Amino acid sequence: MVSKRLIHEEGHKRKFLAVVDDSPECDRAVLYAGRRAANSNGALVLLYVCTPGDFQHWIGVEEIMKAEAREAGEAQLEKFAGFIRQRANIGPELVLREGETVEELSQLIEDDQDIALLVLAAGDSSEGPGPLVTSIAGGGAFSIPVVVVPGAMSYEDIESVT
């Protein structure tokens, strides 16, 4: 189901969405999305998804592990928020969700009809482009365009094309 984007209606802004994780190429996606947002008078959304583990522990242990995962996610979001404020002079909207990454990503795109573009970065290792890029290329369709930034691009190259 494709939902209508609201970016052309009064009071709405085009939002660029980047997924934050601990991959080495993540900063490329954040920089690209942030620069595009800044240069087009748009906004930036950074999403971090805490994926559920296969907890077979007592409930108290599971809750501690979930809290630690949320804290780690918040720290990653703050790290990349500082990075993009410095590199693109834009303050991002930070979103922390729990669940499976592709499902939460799809739900956020449906929930926020100002999101117009998803930006991901591909890994440049011999192991392939990364699990998120691979799952999307394999048929994980979204109702918005997806840009995949090569993980080997330098910051200067990204800045020159945005």
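From a predicted model like this one, the values you see are computed outputs, not experimental measurements.

### What about the overall build of the protein?
When helices and strands are counted, the protein shows five helices and five strands. Traced from its N-terminal end to its C-terminal end, the protein shows the element sequence β-α-β-α-β-α-β-α-β-α. Looking at the 162 residues of the protein, the share that counts as buried comes to 41%. By sequence separation, contacts in the protein at least 24 residues apart represent 77% of the contacts at least 6 residues apart. Of the roughly 8800 Å² that the protein leaves accessible, carbon and sulfur atoms contribute 50%.

### Description of the sheet that holds strand E4 (residues 115–122)
Within the open sheet, the five strands sit side by side as E3-E2-E1-E4-E5. Their pairing is parallel. Since the sheet does not close on itself, it has two edges, and those belong to strand E3 (93–98) and strand E5 (146–150), each with one partner. Averaged over neighbouring strand pairs, the angle between their axes works out to 25° when direction is ignored. As paired strands, strand E2 (residues 43–50) and E3 are joined by six bridges and run parallel to one another.

### Comments concerning the nonpolar core
One broad rule of soluble globular proteins: the nonpolar side chains tend to lie buried together. Among the nonpolar cores identified, the biggest contains 26 residues, and Val20, Val30, Leu44, Leu46, Phe80, Ile84 and Val119 are the most heavily contacted of them. Secondary-structure elements contributing two or more residues to this core are strand E1 (15–19), helix H1 (26–39), E2, helix H2 (59–88) and E4. Per element, the largest residue contribution to this core is seven residues, and it comes from H1. Ignoring anything within four residues of it in the chain, the contact list for Phe80 reads Val20, Asp21, Cys26, Asp27, Val30 and Leu46. With 14 residues, the next largest nonpolar core counts Leu17, Val95, Leu108 and Ile115 among its residues.

### Looking at the pattern of salt bridges
Per the counting criterion, the structure on display carries seven salt bridges. Taking the shortest distance from any N to any O, the salt bridge between Arg97 and Asp111 comes out at 3.0 Å. Taken together, the residues Arg97 in strand E3 and Asp111 in helix H3 (residues 101–111) connect sequence positions 14 residues apart. The exposure class of Arg97 is buried, given its relative accessible area of 17%. In the salt-bridge network here, residues are joined through shared partners; they are Lys15, Glu93 and Asp112.

### Some remarks on H3
For H3, the complete set of buried residues consists of Glu104, Leu105, Leu108 and Ile109. The buried residues of H3 occupy an angular sector of 135° when projected down its axis, which confines them to one face.

### Notes on the environment of Ser23
With respect to the helices, strands and loops of the structure, Ser23 is situated in the loop between E1 and H1. Take Ser23: its relative accessible area is 21%, and that puts it in the partly exposed class. Of note is the side chain of Ser23, whose polar atom sits 2.6 Å from the side chain of Asp21.

### Here we look at the pairing of E2
Extensive coverage of E2 is indicated by the burial of seven of its eight residues. In this sheet, E2 lies alongside E1 in parallel orientation, the contact comprising five bridges. Bridging from a neighbouring strand, Phe16 pairs with Leu44 of E2. Note on the crossover from E1 through H1 to E2: the handedness is right-handed.

### Quick word on a negative patch on the surface
Where like charges cluster on the molecular surface, the negative patch consists of Glu68, Glu71, Glu74 and Glu78. Tracing the backbone through its elements, the reader meets Glu74 in helix H2.

Conventions we followed
Residues numbered from 1 in each chain as written. Predicted model: local features only at pLDDT ≥ 70, side-chain atom pairs only at ≥ 80, totals over all residues. Heavy atoms only, no water. Helix = DSSP H or I, 4+ residues; strand = E, 2+ residues; numbered from the N terminus. Buried < 20%, exposed > 50% of the residue type's maximum accessible area, 1.4 Å probe, protein only. Contact = heavy atoms within 4.5 Å. Areas by Shrake-Rupley, 256 points an atom, 1.4 Å probe, with all protein chains shown as cover. Pairing = 2+ DSSP bridges. Axes fitted to C-alpha atoms, helices over the stretch in contact; angles between N-to-C directions. Core = buried A, V, L, I, M, F, W, Y, C linked by side-chain atoms within 4.5 Å. Salt bridge = Lys/Arg side-chain N within 4 Å of Asp/Glu carboxyl O. Arc of directions from axis to C-beta. Polar contact = N/O pair within 3.5 Å; in protein donor to acceptor, adjacent residues only side chain to side chain. Right-handed = clockwise from strand over helix to strand, strands pointing away. Patch = residues over 30% accessible without salt bridge, like charges linked within 9 Å, V, L, I, M, F, W, Y side chains within 5 Å. Lys, Arg positive; Asp, Glu negative; His and termini not counted. Charge placed at Lys NZ, Arg CZ, Asp CG, Glu CD.

By themselves, these figures tell us nothing about what the structure is for.
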